[in-house]
Structures are given as C-alpha cells and as structure tokens.
Amino acid sequence: MNKLMTVAELQFRTEAELRALFRQATMALARTATGTPERRNGLATLENISRTIAAGPGRGR
C-alpha cells in the first residue's frame, strides 16, 4: 500500500475496515526506506486512518 489515502475516501468505511487498513498500512510502512515519498505517504495514511477512527460513528454516513 503505497497510495496516500485521504480522510475523504476513508470516512465511509466501517471501523473494522479502518482497523484492517491500519494494519496493512503499518506493515507496508515497515518495508519503506526513511525519507522516501512512499514512507511519507504511509505515515500520512496512518495519520488519516487514525483521525477517521477517532472521529467515531456517524463520521460522514
């Protein structure tokens, strides 16, 4: 998963889907090199997923 995922595309996912994406993004991040665009995208994706989970139920549904 090297694609940056935005809050806009995450907000309609269930919490279970978000948690699964978080695990996948974490594993993908571990395979990236420091300072690369892939790593920056991975870190931003994790932050976006975390924010979406924190927003809780009704976050756009």
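Residues numbered from 1 in each chain as written. Predicted model: local features only at pLDDT ≥ 70, side-chain atom pairs only at ≥ 80, totals over all residues. Heavy atoms only, no water.

**Student:** Talk me through the side chain of Thr32; I want residue IDs and the actual numbers.
**Tutor:** As for its position among the elements, Thr32 is in the loop between α2 (15–30) and α3 (37–55). Of note is the side chain of Thr32, whose polar atom sits 2.7 Å from the backbone oxygen of Leu29. For Thr32, the side chain forms a polar contact with the side chain of Arg39, separated by 3.1 Å. Once residues within four sequence positions are removed from consideration, Thr32 is found in contact with Glu38 and Arg39. (Helix = DSSP H or I, 4+ residues; strand = E, 2+ residues; numbered from the N terminus. Polar contact = N/O pair within 3.5 Å; in protein donor to acceptor, adjacent residues only side chain to side chain. Contact = heavy atoms within 4.5 Å.)

**Student:** Go over the pattern of salt bridges with me, naming the residues and quoting the values.
**Tutor:** Across all of its chains, the model carries three salt bridges by this definition. Glu9 is paired through a salt bridge with Lys3; the nearest N and O atoms lie 2.9 Å apart. According to the relative accessible area criterion, Lys3 is partly exposed, its value standing at 47%. A salt bridge links Glu47 to Arg51; its shortest N-O distance comes to 2.5 Å. Highlighted residues: Glu47 and Arg51, both in helix α3, separated by four residues, approximately one helical turn. Residue classification places Arg51 among the exposed residues on the basis of a relative accessible area of 54%. (Salt bridge = Lys/Arg side-chain N within 4 Å of Asp/Glu carboxyl O. Buried < 20%, exposed > 50% of the residue type's maximum accessible area, 1.4 Å probe, protein only.)

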